Amino acid sequence: MKNLTKKETIHIIFLAAAFICAALLLGGCAAKAVTEEASVMNTIMRVSLYGTEDQALDVIDVVKEADDKFSKTAAASEIFALNHSMGTQHAVSEETYNLIENIVEIADKTHGAYNPALGTVIDLWGIGTEHQGVPGETSLSSALNKTDYKQIVLGENNTVSLGNTLIDLGGAVKGYALDLTRSELNALGVDSAVVSIGGSIYARGTKPDGAKYKVGIRDPYRESQDYFATIELEDACVSTSGTYERGFYAGDDYYHHIFDPKTGYPADNGLVSVTVIDPNGLNTDIYSTALFVMGLNEGFEFAEQNGIAAVFVTYDKKVYLTKDVGYAFTITDDEYEIQDL
Ligand code: AMP
Ligand code: MG
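Residues numbered from 1 in each chain as written. Chains lettered and ligands numbered in written order. Predicted model: local features only at pLDDT ≥ 70, side-chain atom pairs only at ≥ 80, totals over all residues. Heavy atoms only, no water.

## Quick notes on the sheet that holds strand E13 (residues 271-278)
Okay, so step 1: With respect to topology, nine strands assemble into an open sheet ordered E1-E2-E6-E7-E10-E13-E14-E15-E17, the strand pairing being mixed. The sheet is open, and its two edges are formed by strand E1 (34-40) and strand E17 (337-338), each paired on a single side.
Okay, so step 2: Here E1 pairs with strand E2 (residues 43-49) via seven bridges, running antiparallel. Each residue of the ladder has a partner; that of Ser39, found in E2, is Ile44.
Okay, so step 3: Sheet strands in contact with helix H2 (residues 53-70) are E1, E2 and strand E6 (193-197), and its direction is about 20° off that of E1. (Pairing = 2+ DSSP bridges. Helix = DSSP H or I, 4+ residues; strand = E, 2+ residues; numbered from the N terminus. Contact = heavy atoms within 4.5 Å. Axes fitted to C-alpha atoms, helices over the stretch in contact; angles between N-to-C directions.)

Following this line, the structure appears as structure tokens:
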């Protein structure tokens, strides 16, 4: 091979650099997110990622598998079997054992405002089922007597006993499922994605141009795609608990699906939604439900004391942000107004 002159070498380097730039630019044009959607966990799940369709479908499959394990109604699920074990020490998988252990621990931090053992009360109201309705006082108080989560005993060899309670993890599994999608995306080597499961969303990394993902927080008074504010997220999850998600009217009264474990009635405290932001999906889901139950004053104080980033929205469109929400929150609908507590 002939030795290149200095001029020729520079020329080749220049051509190579131009080629790489062109490839990057083309790559930039080709970097389009793929989106897949599915009906899972009684809601709609969406995955948008910079990668392939197969990868998006893998992420959906992980959540479908979790739904099969943790659904309260599917006869083949672990939770269904546990709820039918009549208070005996019942063996579950290690994953389910660890999840229940984790959930009970966080529930305890909320002093039971989030109560995983509320199954009998939730079943009695039957929201979203054919028999939904306002229960009578007697049946409600007997159901309430079976909701002490301290009766849940975590035994040896992954056994769990529920005492006289039934568990309902509906307020936690969507957030937990986001954590599972994070592990799956790690394994797939996808570093930019947004996953939503109903009101729980995980934003992973940044967009290819370096911009953070901007996620809408649902307007409680409008359709599911309408939002009143946006929040920028990077490697974080956000869950919103709202009255609009599930409920029914009896006469003029609206009964929603987030129950106050002290009374057995839907929490009726002037809030319409609570949003929590955290790197951990399970935390966002549990705390959004718990803070909703606590109400604005107690919930706000609890969030501030425990470093929880939370957004409270009252029925009259007043918005309260804990200090940890930071700068990345923007109101996009001027009917809503940020207030200090
Ligand atoms: P979320 O939409 O995450 O706020 O969860 C609401 C769901 O959690 C309901 O549909 C019930 O299945 C369940 N749930 C309702 N109230 C509570 C509560 N106080 N603690 C734990 N789970 C609850
Ligand atoms: Mg929740």
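And the narrative resumes.
## Comments concerning the sheet that holds strand E16 (residues 329-331)
Okay, so step 1: With antiparallel pairing, three strands are arranged side by side in an open sheet as E8-E9-E16. Edge positions in the sheet fall to strand E8 (213-218) and E16, since each of these pairs with one other strand and no more. Within this sheet the neighbouring strands show an average axis-to-axis angle of 25°, counted without direction.
Okay, so step 2: Here three bridges tie strand E9 (residues 227-233) to E16, and the two strands are oriented antiparallel to one another.

## Considerations on the pattern of salt bridges
Okay, so step 1: The tally for this structure, following the rule as stated, stands at eleven salt bridges.
Okay, so step 2: Notably, a salt bridge pairs Asp123 with Lys72, separated by 2.5 Å at the nearest N-O pair. A residue pair is termed long-range when its members are at least 10 positions apart, and Asp123 in helix H5 (residues 119-125) and Lys72 in the loop between H2 and helix H3 (78-83) qualify at 51 residues.
Okay, so step 3: Since its relative accessible area comes to 33%, Asp123 is described here as partly exposed.
Okay, so step 4: For Lys323, the salt bridge goes to Glu304, with nearest N and O atoms at 2.9 Å. Taken together, the residues Lys323 in the loop between strand E15 (318-321) and E16 and Glu304 in helix H9 (residues 296-305) connect sequence positions 19 residues apart.
Okay, so step 5: Since its relative accessible area comes to 25%, Glu304 is described here as partly exposed.
Okay, so step 6: Residues joined by salt bridges that share partners form a network here, namely Asp219, Arg222, Asp226 and Asp333. (Salt bridge = Lys/Arg side-chain N within 4 Å of Asp/Glu carboxyl O. Buried < 20%, exposed > 50% of the residue type's maximum accessible area, 1.4 Å probe, protein only.)

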